[in-house]
Structures are given as structure tokens and as C-alpha cells.
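What the coordinates show
Each chain, written out:
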Amino acid sequence: MAGDRDLAVAFVRAWSAGATGPRTGWEVTAATGVRGLRLLHEGGAFDRFLLTEAHPAAARVLATNAAAYPGAVAEQADGRSAPARAAFDYVDIDPYGSPAPFVDAALAAVRPGGVLAVTATDMMVLAGVQRGAAQRRYGGRPVRGRLAPEGGLRILLAYLAREARRRSLAVRPRLAYVRDHYVRAYLEVTPAAAARGADPIGEIDPATWTGPGLGERGPYGPMWLGPLFDPTLVRAMRPPAESADERGTSRFLERLREEVEVDRPFYYEANGLARELSVPAPPSLATVLGALRSAGYRAGRTHARPEGFRTDAPRVEVERIVRALAVGR
Ligand SMILES: C[S@@+](CC[C@H](N)C(=O)[O-])C[C@H]1O[C@@H](n2cnc3c(N)ncnc32)[C@H](O)[C@@H]1O
């Protein structure tokens, strides 16, 4: 989690760069305040930051910690209700398990043009082990297996987009990722009327889907099929000077910078493809990426898996290229 807070600081610094005027933030489920206080202290964006925590013992420690930071306001409160007359530029939900109970209050509290950051750790649900619960909680049919975490992220994004629409708002991911045992997204929230382009929410039907194989038990979703990244923002993110995990954060950001060039739903893995195609000696990832690019496609590694790659080539082309590389070895 320390590395995840590094990313949060990096996000806030890049998001607020060049902005003028004071900004306010709210960490809805703050525990002892480590995340929110780092965002206030290192983010360079906020002049006031509210931190709420429901558990009395944690709230006492939170109050002590917050007292050392000018601009921090700690309250023992239930984050499922927005503070009266709230209008924050940045709202962060980082709970245990599902963020769903906090989403309504957070959307009510975020200012148009502001950012809603959301973590979900209920991966048993989002990644399809508990299918019924996914349908009930998030209104989507989850993906199982290798691509389940990204499927979970996209189902969560679709859920958040629908919740926003109920309030005549629209969301756009500026950064959304899967990591360890959780998914996290930073969403720009705007009035719905400002949203442009095709609806990014849809189902994936295995019969017509031309991307990486998701299995045959579809349709999957509805899920977010649009971009996960704002390339300009991601390129501007740097590990914070006071990083808890400088190396890990640097590597993660480096991978994201490659990934934003080919922000397509779901990814392949060279080894897995070779196995599926019964190719005896799998080509290296670098070789596959080079071959795809030589054939005129975009291709790049993903943060989601060390051997994973995204491409805009249709699956038949990816398979043809992997087979051809295996024959040529
Ligand atoms: C995962 S921890 C937060 C960690 C923190 N964001 C960080 O990065 O250090 C989740 C916290 O949410 C608190 N919580 C649970 N229900 C809550 C509620 N209804 N309102 C406010 N806080 C709540 C829990 O007591 C717990 O401290």
C-alpha cells in the first residue's frame, strides 16, 4: 500500500501542475491518515484536506496525526454521508472491500471538474469468484481466469459511470490500474452534458470479440471499454521525492508510459499464447512486440503482468505473427 500512496502523490502532483487557486480534498475512509496527510503534505495541491474515519480508536490517532499538518481537518464521521455543503476538488475512497457504500456521498461531494479516486479490494467479487455478488453489487457479469482483475476494474468503472449518470454527471478515467489484490481508479467528474463521443460502456460477446480471449461463458460486463489512461497526465507523473518505494513506483510509471501508447481493453501474454497455439518454443516478448510493430500495429507492455502486452492488432493477426515467429526460430 505504501507504493500505492506514492502513486497517489504522483497523480495529485501531475493533476494539479499549473493549476492556480486553492484546492480542497476529502479522504472518506482515512484510517490514521497516512494517505490523506501525504497528499496534503507532498501533493502541493491542497490548502485544506478533510479526513474522516468511523472507527473511534483510529479516529483518535488520526486526530493526533492531523494536528501536525496545517490545513488538515480530522473528523470521526461516517463517510457514507457527505459533509454538509461539501464541494471538494478531490475525493478519495480507499476502504476495506467494496467502495460501493461510499460512492453516492463521494459523487455528491466532488466539484464538477474535480477528481474521484476509488480503490476496490473485493476482488473475489469483481474478479468473478462470486459471480452473483458481482451482478448484485456492480451490475456486471465478471470475467474469470487470467484477465479477471482487469475485467473487475472495467466492471467497477462501468458501475461508477452509471452511478455518476444518475446524478447527471460523467466520469473519465485519467488513471486506472490493477495491482496486487486491488484495483484503483482516478476519475475526472464533469457534468454529463460535457461528455463527448460514443458510450464507452458495453458487453463483450465472445462470438464477436476480436481481442484477447476472455473465455466462452459470456457475454461479459457491461464493462468500461474506453481508455484507462490520460496519456499526457501519465507521462507527467514522477515518483515523489519522499517515495516509500522509489524503485517500484519508478518501474510502475515507466510501464504505464509504454502502455498509454496502446490503451486497448485486455492484454495477451506471449507464453500463454504459445501454449494455446501449441507452439513449442515461445518467442520472447520483445520479439513479438517488434513483429507486431513491423506489421504496422501498435503494441506495448502493460503494468498488469510482467509478460503481458496490449496491441490494436486483431487476435487472428496476433496468433498469425506468434505462429510465424515460432516457425522462423
Ligand atoms: C483500508 S483503510 C484506509 C486506509 C487509508 N486510506 C490509507 O491509505 O492509509 C479503511 C478504513 O475505513 C474505515 N471505515 C470503515 N467504514 C467507514 C465508514 N462508514 N466511514 C468512515 N470510515 C470507515 C475503517 O475503519 C478503516 O480504517
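Definitions and cut-offs
- Residues numbered from 1 in each chain as written.
- Predicted model: local features only at pLDDT ≥ 70, side-chain atom pairs only at ≥ 80, totals over all residues.
- Heavy atoms only, no water.
- Helix = DSSP H or I, 4+ residues; strand = E, 2+ residues; numbered from the N terminus.
- Near = heavy atom within 4 Å.
- Polar contact = N/O pair within 3.5 Å; in protein donor to acceptor, adjacent residues only side chain to side chain.
- Areas by Shrake-Rupley, 256 points an atom, 1.4 Å probe, with all protein chains shown as cover.
- Nonpolar A, V, L, I, M, F, W, Y, C, P; charged D, E, K, R; others polar.
- Salt bridge = Lys/Arg side-chain N within 4 Å of Asp/Glu carboxyl O.
- Buried < 20%, exposed > 50% of the residue type's maximum accessible area, 1.4 Å probe, protein only.

Among the secondary structure elements, Tyr 268 is positioned in strand β10 (residues 268–269). Taking the C-alpha atoms as reference points, Tyr 268 and Gly 213, 55 residues apart in sequence, are found 8.5 Å from one another.

Here we take up the site of the ligand. With respect to spatial proximity, 18 residues lie near the ligand, and among them Glu 27, Glu 53, Asp 78, Gly 79 and Asp 94 are the closest. One of the side-chain nitrogen or oxygen atoms of Glu 27 is found 2.6 Å away from a nitrogen atom of the ligand. Here Asp 94 contributes a side-chain N or O atom positioned 2.6 Å from a nitrogen atom of the ligand. Considered on its own, the ligand offers 600 Å² of accessible surface; in the complex 83% of this is hidden by protein. Grouping the constituent residues of the shell around the ligand by class yields eight nonpolar, three polar and seven charged.

Tallying each qualifying case throughout the model produces 27 salt bridges. Its salt-bridge partner being Arg 154, residue Glu 150 comes within 2.9 Å of it at the nearest N-O pair. With a gap of four residues between them, Glu 150 and Arg 154 both fall in helix α7 (residues 148–166), about one helical turn apart. Each member of the pair Glu 150 and Arg 154 is classed as buried. In this structure, Arg 165 engages Asp 199 in a salt bridge whose closest nitrogen and oxygen atoms are separated by 2.9 Å. Of the two residues, Arg 165 sits in helix α7 while Asp 199 sits in the loop between β7 (182–191) and β8 (201–204), which places them 34 residues apart along the sequence. For Arg 165, a relative accessible area of 44% puts it in the partly exposed group. The network of salt bridges with shared partners includes Asp 4, Arg 35, Asp 92, Asp 94 and Arg 184.

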